[in-house]
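Inside the fold
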Number of protein chains: 2
Amino acid sequence: KKSGGFTCSHLRFGDAPIRSTYLVNTPDFVACHVAAYLRLYDVTRGLKKNGTFLLNSPWDAEETKKHLPDNVKAYLAKNNISFYIINATKIAHGIGLGNRTNTILQSAFFKITGVIPYDLAVEQMKKFIVKSYGKKGEKVVNMNYAAVDQGGEVVKVEVPAEWASLEGAQFELPKDDAPAFIQDVVRPINAQIGDDLPVSVFKGREDGTWDQGTATFEKRGVAALVPVWKPENCIQCNQCAYVCPHAAIRPFVLDEAEQAGAPADMAQLKATGKQFAGMTFRMQVNVLDCLGCGNCPDICPGNKNGKALEMVPFLGQEEEQKNWDYCVESVKSKQHLVDVKSNVKNSQFATPLFEFSGACSGCGETPYVKLISQLFGDRQMIANATGCTSIYSGSAPSTPYTKNEKGHGPAWANSLFEDNAEFGLGMVVAVNKMRDRLAGLMEKGLACDCCSEEMKALFVEWLNNRENADATVAIAEKLVPMVEACTCDICKDINDMKQYIIKKSQWIIGGDGWAYDIGFGGLDHVIASGANVNILVVDTEIYSNTGGQASKSTPVGAVAKFAAAGKRIRKKDLGLIATTYGYVYVAQIGMGANQAQTLKAIREAEAYDGPSLIIAYSPCISHYMASGMGKAQEEISKAVECGYWHLWRYNPALESEGQNPFQLDSKEPQWDKFQDFLKKEGRYTSLAKQFPEQAEELFHAAQDNAQWRYNTYKRLAAASWGAEVKE
Amino acid sequence: KKSGGFTCSHLRFGDAPIRSTYLVNTPDFVACHVAAYLRLYDVTRGLKKNGTFLLNSPWDAEETKKHLPDNVKAYLAKNNISFYIINATKIAHGIGLGNRTNTILQSAFFKITGVIPYDLAVEQMKKFIVKSYGKKGEKVVNMNYAAVDQGGEVVKVEVPAEWASLEGAQFELPKDDAPAFIQDVVRPINAQIGDDLPVSVFKGREDGTWDQGTATFEKRGVAALVPVWKPENCIQCNQCAYVCPHAAIRPFVLDEAEQAGAPADMAQLKATGKQFAGMTFRMQVNVLDCLGCGNCPDICPGNKNGKALEMVPFLGQEEEQKNWDYCVESVKSKQHLVDVKSNVKNSQFATPLFEFSGACSGCGETPYVKLISQLFGDRQMIANATGCTSIYSGSAPSTPYTKNEKGHGPAWANSLFEDNAEFGLGMVVAVNKMRDRLAGLMEKGLACDCCSEEMKALFVEWLNNRENADATVAIAEKLVPMVEACTCDICKDINDMKQYIIKKSQWIIGGDGWAYDIGFGGLDHVIASGANVNILVVDTEIYSNTGGQASKSTPVGAVAKFAAAGKRIRKKDLGLIATTYGYVYVAQIGMGANQAQTLKAIREAEAYDGPSLIIAYSPCISHYMASGMGKAQEEISKAVECGYWHLWRYNPALESEGQNPFQLDSKEPQWDKFQDFLKKEGRYTSLAKQFPEQAEELFHAAQDNAQWRYNTYKRLAAASWGAEVKE
Ligand SMILES: Cc1ncc(C[n+]2csc(CCOP(=O)(O)OP(=O)(O)O)c2C)c(N)n1
Ligand SMILES: Cc1ncc(C[n+]2csc(CCOP(=O)(O)OP(=O)(O)O)c2C)c(N)n1
Ligand code: SF4
Ligand code: SF4
Ligand code: SF4
Ligand code: SF4
Ligand code: SF4
Ligand code: SF4
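Conventions and cut-offs
Residues numbered from 1 in each chain as written. Chains lettered and ligands numbered in written order. Predicted model: local features only at pLDDT ≥ 70, side-chain atom pairs only at ≥ 80, totals over all residues. Heavy atoms only, no water. Helix = DSSP H or I, 4+ residues; strand = E, 2+ residues; numbered from the N terminus. Rg over C-alpha atoms; globule rule 2.2 N^0.38 Å. Buried < 20%, exposed > 50% of the residue type's maximum accessible area, 1.4 Å probe, protein only. Contact = heavy atoms within 4.5 Å. Salt bridge = Lys/Arg side-chain N within 4 Å of Asp/Glu carboxyl O. Domains from an automatic or database assignment. Phe/Tyr/Trp six-rings, centres within 6.5 Å; stacked < 30°, edge-to-face > 60°. Lys NZ or Arg CZ within 6 Å of the ring centre and 35° of its normal. Near = heavy atom within 4 Å. Nonpolar A, V, L, I, M, F, W, Y, C, P; charged D, E, K, R; others polar. Pairing = 2+ DSSP bridges. Buried area = accessible area lost by both parts, 1.4 Å probe. Polar contact = N/O pair within 3.5 Å; in protein donor to acceptor, adjacent residues only side chain to side chain.

1. Here's the deal with the overall build of chain A
- Across its full length, chain A holds 28 helices and 17 strands.
- Relative to its length of 727 residues, chain A is compact, with a C-alpha radius of gyration of 29 Å against a globular reference of 27 Å.
- Projected onto its principal axes, the C-alpha coordinates of chain A cover approximately 85 × 70 × 60 Å.
- Burial status across chain A gives 54% buried among its 727 residues.
- Considering only intrachain contacts with a sequence separation of at least 6, the fraction spanning at least 24 residues in chain A is 73%.

Shown next, in the form of structure tokens:
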């Protein structure tokens, strides 16, 4: 998880220094900082007899007793545990510390345990507060002082002896109708007891393959606010679904039978578009997987009566989940009725094969990844660089990549940070070799007595169209059942390789740290190779996953790790570099600025028979945007409007038609908005606070550079092309 | 040595397979294939009693006895060695095999030793010949058959018993007035007895530093033909010296005293140019270090009576060496009388600090390296990638980098193939840090009571001009003696750092394999960093040092290892990529095409306060040019004329003046000569021979790509610049 994940700290005390680094398995003291964890994890596991348990409880003593699960109750009673509670969350909010409960709980710890005299502990904690926050002013110091003081207000809760004899006194994972893999492997790992799994549960997975779509079983329900759909204002544009970073809001189209089976209160609209005649439309929110970012209402155009989405508290929306379940389980995708690649609206009728990733709420990267999965997902092979993309795409046991109704989904793997482009090239080379072998088999099949004429016709069709994705999909549909049924040796061999009948869509995905810096040598080598790969660079202008180090993509003036006084050199123009080859498709996109251009670029890139590179502007929590991550899409729009980011495409295919391959898609920027843009992002404003003079200078340099870049693009777009090119 | 180096093969025979890989120290049989080695190496070292010695001798038996050194004679006699000779060189020439004596000597070996019956050996050798050369036709096979047959014509030479008592019977290295390091370390290593050196001879060199200028002590004298100067035709243009890959021909300017001391027959001309009033000019060949490539007469314009240089047999020119010695030892450099950076002619009055490298005769890379040493050598720090550049620049014990009269020369080191740019950046960063420290010392010095006012004035001057190379040179000249004399602590510290007073000229040198491929990620990072480094890429369009593998610089259609059927993808435009940063000085040069542009680009690159990248077209033996390496310069000229290579410069400094930074220096190519150009290089013609149809197609693709590139350059050169650029 990129945020909101589980953390467990192990701490040892002693009179002599302790240098061992192993975990504490039999603690004297356990503190549980989140009440919800009582049911998710075995919180008292290993706690010593006569030990202590502290709970950050939202309830008073009596209420707490009611909420405590039986396994915890029994453990406390059987082991003579001293049980304390404190409502640290309430205290923190009360003194203005927001969600920061740490100091309160630390003070509570000292109060309860007496590892050192409490007065001394308070004195030391306060000294440390002055040291840490002194510079931030008296107010902050005082808030933290209050946290220390109120942390002493722990309440001891008496543990009734009869708890010891409670039934079901063992911590147990939920049992439901989830697949065995989820129950036997994924949930234990998520519950932090993966180490206890026997090796045998991994039988059949020795090569490391992992089931897809495990993220959908987490249903975390962590959003405080979730969107509610107001059908009366909805124009069925699907933009909300397009931008959702978590695939948690989707349009469903219901035919008559599906309408009839739907929950009674599940509102629907008459679906627009003649291909949907007689059907209804519903924009469905998945409240348990929504991260409450707010991008969907923000982008929603609504109609004259207002927006069709509104953020409301999660509590009260739980019932929406049954509507979601109905739509997902009982409403068939209608994507075959439209050309999903033709426009933004249609693209969202395609089921995402990347859903509910653990990216930060509102992440600017994931909407691109999700969209690609909608367009090509069941043919996708993905080489993923290390970075946020790899963490939210594949942190075992959780993977958001999933399968469609046919059981087809993307193949995904992560090798290293530095070799990702090469890794992806290897995939392509391997697949091509296998497909060559398949071609050999089909050629042999043409001379075979056993294979039917119908099969032979399909062989010929495949041999002539193996690089045409749609054609291979159609062929596979007909051919696979035939080879499965045939008994000749050739068909047996073809059957072993049937996964290669359909043309793959090779993707190489990573962040700017990978693409501009550490993996650049490889990326260059791969685009130079001319291989048919599609590279997506989600550009946060920073090493996001490791906390915000500067990359060669970081613009002048931005504050980043290793660039604490503002980056001094220009942002590298990775896209322009790639155009120098002349045979590489290149695009710079920004979803929030031009949804159609984003779609078009991705489509063109994939269709281009050669290397493609897409650089996608991606707002990130490390940008510290004043408007918050819920305005990520709007931020992209502003970035393009003011000239901070430019949209363009370079399509070598145009050149062969005598046209200029370079197309500048963004309008002449409103440069007067440039400085304002910078002043709305913490990565820039923090420089202005710390080094005001240098900030002034660097911010102007940033604008100069952006203008310089834009001029370069204008020059390219204006160049006379056709006339000069000789064939 | 890149060619003509010493090789010693060790071979073991036995009835059972031998798998050990150690060297043979006590052979039964020794063959010496080059008579000159008799004096250079201890050829009979370890040869067993009653063993056999075979000499490829240019003489008959009696003459051979006369030429045999005493140590060999004594060894043969004392150890009852059977001594055989054969004139394999003469035989090879006779049957049309040129210098290829191997088969002849192999046959001789079998004849003498009888390790297997000679008839069987002959049979097997002939079988192998058919296998190896069958495809090349009957003529080649027959020549090799003849080699086998005539190899049997070895002659046994009787060894007089009295040789056993000869004086000076030990192999000894020459003793002369060479520096101790040369006598004690360099020569033993060169004579293949480096392993016998005691560790103590390396005392004081524990960190791996090595004396400069060791190559000059080799005086190999391996050229068959050397140039002779005809003063009457000479116009004193110095182009011959400019292009010499081996720094073996140089102009000397003699004042009256030097004229008086010169050998009587040493012809001179009245030196042109008023700065040389009263002086004479001589173009002096170093016949022992000349590799006989022929580039100097080829480039020589001469006057209406013809060229002023002519290749003549080395035998007969030995006497020239005393003239060279006189010029080098007794004629002072007159480079201070001219601005050596102002034009090609003047540049050659500067003493090269890179001389007599072991590059192949006529190598296209070394003239650039040499020129840079003339312009900046005594301030140069060089990070060198692995490749030909590192082999000819620093194969211990031989280094061509040397010192000037003041004892100042370049500092050179090679780290790895893949990290060279980073290595050079590290040098710059380190030097800058040291100079900052020096600045701190001088600032302290300004407040010191001990430092004189004169010194303080120099401190101030340095602090204001530390990045101005000429100024720092002048300051150092005055300041160093003063700090050496001063006793205060500050001056002691300054003295410790005096080597940093003069501004360094940082160079990063390597081949295209390094720059376009394996070191590209680092190169990109270094140019992006904005650091003031100068990068020279000697572009042979191939991995030359390892035998000609294709790199991303290899153009379409060229045959290379890993591209045996012709390279399929376009040459990468490394220079254009570098221009995308906007703050990198970039140039593509080709010495033979435009000597002045080469000089100008190197000068501008070094002067530019930021990263500079120079890509220099470099003919190489792996190009298999029909005209041979003696026409390397002319080949460059043809490459530019036909559009195969383009000359241009991108100078960011121009942009700040509102001008277009891109300048196209080569004229509209004569495209109709393009195909002819390809057809004169074996790397292309071999494709035409093996795959004629593909060749046709690829050669046209090569031309298309070259035109495409030229069009890109033209578009850049034509772009309207000043108008659009906002400051
Ligand atoms: C060779 C190597 N260096 C460093 C790391 C640590 N590391 C993992 S992800 C990452 C940053 C990735 O940044 P970026 O490519 O920009 O992707 P983002 O997280 O921004 O999506 C780093 C430095 C690593 N895994 N491998
Ligand atoms: C990482 C690594 N790979 C391979 C080699 C072997 N190697 C040494 S030099 C060289 C080729 C250098 O080619 P280039 O950079 O074009 O220089 P040139 O020899 O042509 O001047 C290679 C492959 C090496 N030293 N290190
Ligand atoms: S609030 Fe954010 S996560 Fe939730 S549905 Fe809307 S866009 Fe998706
Ligand atoms: S963005 Fe708003 S109007 Fe458009 S489909 Fe979504 S809810 Fe309806
Ligand atoms: S890119 Fe930024 S917002 Fe997205 S997951 Fe990474 S850190 Fe979070
Ligand atoms: S022949 Fe070649 S090596 Fe000899 S002096 Fe002339 S250019 Fe130099
Ligand atoms: S190139 Fe010829 S004319 Fe010019 S200096 Fe040399 S010898 Fe003289
Ligand atoms: S670049 Fe070519 S010619 Fe020069 S030393 Fe290397 S192999 Fe020889």
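2. Side note on the pattern of salt bridges
- Under the defined criterion, the tally for this structure stands at 75 salt bridges over all chains.
- A salt bridge links D524 of chain A to K552 of chain B; its shortest N-O distance comes to 3.5 Å. Within this pair, whereas D524 of chain A is found in helix α21 (residues 520–529), its partner K552 of chain B is found in the loop between β13 (534–539) and α22 (574–579), the two belonging to separate chains. For the pair D524 of chain A and K552 of chain B, a shared accessibility class is recorded, and that class is buried.
- R466 of chain B is the salt-bridge partner of D436 of chain B, the closest N and O atoms lying 3.0 Å from each other. Residue D436 of chain B is located in helix α16 (residues 420–446), and its partner R466 of chain B is located in the loop between α17 (453–465) and α18 (469–485); the two are separated by 30 residues in the primary sequence.
- Classification of R466 of chain B as buried rests on a relative accessible area of 15%.
- Among the ionic contacts, a cluster of salt bridges with common partners joins R435, D436, R466, E467 and K503 of chain A.

3. Re the domain arrangement of chain A
- Taken as a whole, chain A is organised into domain 1 (29–165), domain 2 (225–350) and domain 3 (541–718).
- Of note, the centres of domain 1 of chain A and domain 2 of chain A, computed from C-alpha atoms alone, are 42 Å apart.

4. A few points about the packing of aromatic side chains
- In the structure shown here, the tally under the stated rule is 63 aromatic pairs over all chains.
- Relative to F109 of chain A, the ring of F13 of chain A lies with its centre 5.6 Å away and its plane at 20°, an arrangement referred to as stacked. Of the two residues, F13 of chain A is situated in the segment before β1 (29–32) and F109 of chain A in helix α5 (residues 102–113); the sequence distance between them amounts to 96 residues.
- Taking 5.1 Å as the distance between ring centres and 45° as the angle between the ring planes, the aromatic pair formed by F520 of chain A and F520 of chain B counts as tilted. Of this pair, F520 of chain A sits in helix α21 while F520 of chain B sits in helix α21 (residues 520–528), which puts the two residues in different chains.
- Note on F520 of chain A: relative accessible area 1%, which makes it buried.
- Among the aromatic residues, those joined into a ring-pair cluster are Y617, Y644, W645, W671, F674, F677, Y684, F699 and Y710 of chain A.
- A cation over an aromatic ring shows up here: K126 of chain A above the ring of Y145 of chain A, its NZ or CZ 5.1 Å from the ring centre.
- R570 of chain A extends its terminal NZ or CZ atom over the ring of W708 of chain A, reaching a point 4.4 Å from the ring centre.

5. Structural notes on the site of ligand 7
- Near ligand 7, the surroundings consist of 13 residues, among which C234, C237, N238, C240 and C300 of chain B are the closest.
- Split into classes, the residues belonging to the shell around ligand 7 amount to 10 nonpolar, three polar and no charged.

6. Brief notes about the sheet that holds strand β8 (residues 280–285) of chain A
- As summarised here, the arrangement of the three strands in space is β6-β8-β7 (chain A), forming an open sheet in which the pairing is antiparallel. The outermost strands of the open sheet, each flanked by one partner alone, are β6 (249–254) and β7 (269–270) of chain A.

7. Focus on the interface of chain B and chain A
- Between chain B and chain A, the contact holds 35 residues from the first and 35 residues from the second.
- The junction of chain B with chain A conceals about 3,000 Å² of combined surface from both sides, 56% of it contributed by carbon and sulfur atoms.
- For the interface between chain B and chain A, the tally reads four salt bridges.
- Summed over the shared surface of chain B and chain A, the number is eight residue pairs in polar contact (both at pLDDT 80 or more).
- When residues of the side of chain B that touches chain A are traced back to their parent elements, those giving at least two are α20 (512–518), α21, α22 and α28 (692–718) of chain B.
- The dominant element in the side of chain B that touches chain A, judged by the number of residues it contributes, is α28 of chain B, at six residues.

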